[in-house]
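The chain contents come next:
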Amino acid sequence: MLERYELEAFLTLAEELHFGRTAERLGVTTGRVSQTVKKLERRVGTPLFTRTSRSVRLTPVGRRLYEDLLPAYRQLRGALERATSAGHGLQGRIRAGFGTPWGGELLTAAADALLALHPACEITVREVPLDEGVRPLRDGTLDVQFVAFPVREPDLTTGPVVITDERVLLLPAAHPLARRASLGLEDLAGLDLIAPEGACPDYWTDHHYPRSTPSGAPIGRGPAAATWQEVLSHVSAGRGVAPGAARGAAYHPRPGIAYVPLRDAPPVAYGLAWPTAADSGLLSAFVKEVGRSRP
């Protein structure tokens, strides 16, 4: 019989395929995750994952075990949550914001799941313009926000990474670099990046829209953009290029824009941020539900 921690460690690693992110989600060390998985593999009698210094993959047996266990785990978890909510119903209001369509989908799914358990609650979800940064959390118009990390604000609390995605460069389709299979950060030298201004802190802008390559070559600035639609319009018109997440190609396909992988750029990490002073039972439940609703 599987212990609960063994089950959660296996299922989480099967989703993340990364020991560090698995440990972060479970709130333990990577060593404990590794020990738990090895113990489970000894019990099963065969490897469940193939590991190299650069990747973690499910074996065929591991894939089958994951597919068999996941529905049962979700059913058990849902039953426990429904039983708990029957005796400890939550009330209150949550105003959640997002800046990407996949963030909006995730928050909406979490809101629907939480409202099914706590119908007395009110949860609203709205879009935040690109140049707003985390200002809505500061001015009181939002209680929680789905953001691209890093967020290093003394009055805000951040949750764990919920989604990671490979970084790409959006270029005009006619640009010479658009025909490349991939690009490196040094290829940004001399290009003009379309970047937001407004309320975005400098450390956040510099992280996502660097002003120089790793070797120190300058990267220019194109026109500022307040929304992603403005970013797409500027790039399509040839006014500059823009870094972004790989899944944006599926959400924002345009004939005049090419999405080219940035092979040596760090991935984009997304998660939740909220005012530290505004923490509540409902907010904690929503944060947990977002983690469970992740794709």
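The structure this text deals with has already been given above.
**Student:** Would you mind going over the sheet that holds strand E12 (residues 268-275) in detail, with residue names and values included?
**Tutor:** Judged by pairing direction, the sheet is mixed, and its five strands sit side by side in the order E4-E3-E5-E12-E6 without closing on themselves. Of all strands in the sheet, those bounded by a partner on one side alone are strand E4 (121-127) and strand E6 (156-165). Within this sheet the neighbouring strands show an average axis-to-axis angle of 20 degrees, counted without direction. Strands in contact with helix H10 (residues 281-293) are strand E3 (92-98), E4, strand E5 (144-148), E6 and E12; relative to E3, the strand with the most contacts, it is inclined by about 40 degrees.

**Student:** Can you explain the nonpolar core? Please cite residues and give values.
**Tutor:** Ranked by size, the top nonpolar core spans 57 residues in total, and within it Phe146 and Phe286 carry the most contacts. Counting 20 residues, the second largest nonpolar core, distinct from the first, contains Phe10, Phe19, Leu40 and Leu69.

**Student:** An account of the pairing of E5 is requested, with residue identities and associated values reported.
**Tutor:** Burial within E5 is extensive, with five of its five residues counted as buried. Residues Val144, Phe146 and Ala148 point to one face of E5 and Gln145 and Val147 to the other, with burial holding for every one of them. In this structure, E3 lies alongside E5, joined through two bridges in parallel fashion. In the sheet register, Ala96 faces E5, and the bridge partner there is Val144.

**Student:** Provide a residue-level description of unusual backbone geometry, including the pertinent values.
**Tutor:** With an omega of 10 degrees, the peptide bond running from Phe149 to Pro150 counts as cis. With respect to the helices, strands and loops of the structure, Pro150 is situated in the loop between E5 and E6. In this model, Leu17 sits at a positive phi of 55 degrees, which is unusual for a non-glycine residue. A relative accessible area of 26% means that Leu17 is categorised as partly exposed.

**Student:** An account of the pairing of E4 is needed here, citing residue identities and associated values.
**Tutor:** Across seven bridges, the pairing between E3 and E4 is parallel. Within E4, the position partnered with Ile94 by the bridge is Ile123. As a crossover connection, the stretch from E3 through helix H5 (residues 101-117) into E4 is right-handed.

What counts, and at which threshold
- Residues numbered from 1 in each chain as written.
- Predicted model: local features only at pLDDT ≥ 70, side-chain atom pairs only at ≥ 80, totals over all residues.
- Heavy atoms only, no water.
- Pairing = 2+ DSSP bridges.
- Helix = DSSP H or I, 4+ residues; strand = E, 2+ residues; numbered from the N terminus.
- Axes fitted to C-alpha atoms, helices over the stretch in contact; angles between N-to-C directions.
- Contact = heavy atoms within 4.5 Å.
- Core = buried A, V, L, I, M, F, W, Y, C linked by side-chain atoms within 4.5 Å.
- Buried < 20%, exposed > 50% of the residue type's maximum accessible area, 1.4 Å probe, protein only.
- Right-handed = clockwise from strand over helix to strand, strands pointing away.

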